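# Residue-level structural notes
Below are the chains, spelled out letter by letter.
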Amino acid sequence: MQNRKREEKAAKELLRRRKVLGDAPTIARSEWSTHPNYHSIASHFLGFHEHFRSDLRKLVRVSNVDEPYRGGGGRNRAQALQRRVRELSRAFSQLNSHLHTHHSIEDRHVFPQAIRANKGITTAVGMLEKDHGTMNKLLKGAEGAISTAEKARSETDLEEGLARCHQALVALSTFMSQHLQDEEDLLIPLMLEGLLGV
């Protein structure tokens, strides 16, 4: 019952987001890579986003204790779990830093330039800016879960810590997936039309 309510809420939120993006210029995704301006800022921007998606998939996989882990082995399971937590911490720290830099550039340069190029997308840009605040909270939650897991020593505490990390990273990944798609749907057409050059 609770899953169904969550799914209904998620579907309503998706419809709301699609409505907000309704005024955005459109060029079908299938046409992006063949557009004459694709190999300018658009492909670079999409490359960053794909890197974020890839890093998030890796973090979700590494935090899942039910997934095989290449760094496993060792004398005991607790040591293998500690290695997993260290890798998770290192990879998350790098992603967190890259995301903050990327979002700072968007907030300071990309979004204002996009609004100057098309005043009709002001509400959609506002939604994306608000997303950055939500993402910061999700990043802090994941960072806290990883920090707690790093202090664990017993197998049980490490497994519980990784489970909390996994839950936080799945929430972050799910939110980021929608945000990145919405951002691309809004900004890539402007880039392809030569209206957004950052």
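Scroll up to find the structure this text is about.
Below is a summary of the structure that appears in this document. (Residues numbered from 1 in each chain as written. Predicted model: local features only at pLDDT ≥ 70, side-chain atom pairs only at ≥ 80, totals over all residues. Heavy atoms only, no water.)

Turning to the packing of aromatic side chains, a few remarks are in order. Under the definition given, this model contains one aromatic pair. A centroid spacing of 6.5 Å and a plane angle of 35 degrees characterise the contact between Phe48 and Phe52, whose relative ring orientation is tilted. Residue Phe48 and its partner Phe52 are located together in helix H3 (residues 38–63), separated by four residues, close to a single helical turn. (Phe/Tyr/Trp six-rings, centres within 6.5 Å; stacked < 30°, edge-to-face > 60°. Helix = DSSP H or I, 4+ residues; strand = E, 2+ residues; numbered from the N terminus.)

For the rest of this paragraph, the subject is the nonpolar core. Leu59, Leu88, Phe92, Leu169, Leu172 and Met176 are the most contacted members of the largest nonpolar core, which totals 29 residues. Those elements that provide at least two residues to this core are H3, helix H4 (77–117), helix H5 (122–151) and helix H6 (155–192). Sequence-distant contacts of Met176, that is, excluding residues within four places in its chain, are made with Leu56, Leu99 and Met135. Residues Leu21, Ala114, Val125 and Leu128 belong to the second largest nonpolar core, which totals 24 residues. (Core = buried A, V, L, I, M, F, W, Y, C linked by side-chain atoms within 4.5 Å. Buried < 20%, exposed > 50% of the residue type's maximum accessible area, 1.4 Å probe, protein only. Contact = heavy atoms within 4.5 Å.)

Below, the discussion takes up the side chain of Asp182. Turning to its location among the elements, Asp182 is positioned in helix H6. By relative accessible area, which is 0% here, Asp182 ends up buried. Discounting residues that sit within four places of it in the chain, Asp182 has contacts with Arg17, Arg18, Leu21, Met127 and Leu128.

Right, let's get into the environment of Leu138. In this structure, Leu138 sits in helix H5. Leu138 gets classed as partly exposed once you look at its relative accessible area, which sits at 23%. Along the sequence, Leu138 and Ala171 sit 33 residues apart, while their C-alpha atoms lie 7.4 Å from each other.

Before going further, it helps to examine the packing of H5 against H6. Between H5 and H6, the shortest axis-to-axis distance is 9 Å and the interhelical angle comes to 165 degrees. The orientation of H5 relative to H6 falls into the category roughly antiparallel. Considering only the axes of H5 and H6, their crossing is left-handed. (Axes fitted to C-alpha atoms, helices over the stretch in contact; angles between N-to-C directions. Parallel < 35°, antiparallel > 145°, perpendicular 65-115°, else oblique. Left-handed = near helix turned anticlockwise from the far one by under 90°.)

Moving on: the side chain of Asn96. Relative to the helices and strands, Asn96 is located in helix H4. Setting aside its immediate chain neighbours within four residues, Asn96 contacts Leu139 and Glu143.

Let us now look at the layout of surface pockets. What the largest pocket holds in volume is close to 520 Å³. What lines the largest pocket is a set of twelve residues, and nearest its centre among them are Lys9, Ala10, Glu13, Thr174 and Phe175. The element that contributes the greatest number of residues to the lining of the largest pocket is helix H1 (residues 2–20), accounting for six residues. Looking at side-chain class alone, the lining of the largest pocket contains five nonpolar, three polar and four charged residues. Counted as a void, the second largest pocket has a volume near 220 Å³. Taken together, eleven residues make up the lining of the second largest pocket; nearest its centre are His44, Phe45, Phe48, His102 and Ile105. (1 Å grid on protein atoms, 1.4 Å probe; cavity = no way out; pocket = protein on both sides within 12 Å on 5 of 7 lines; lining within 4 Å. Points joined across faces, edges and corners; volume = space filled by probe spheres on them. Nonpolar A, V, L, I, M, F, W, Y, C, P; charged D, E, K, R; others polar.)

Turning our attention to the packing of H4 against H5. Two elements in contact, H4 and H5, have axes separated by 11 Å at closest approach and are oriented at 165 degrees. What the angle tells us is that H4 and H5 run roughly antiparallel. In terms of crossing hand, the pair formed by H4 and H5 is left-handed. Tallied by class, residues from the contact of H4 with H5 come to 13 nonpolar, seven polar and five charged.

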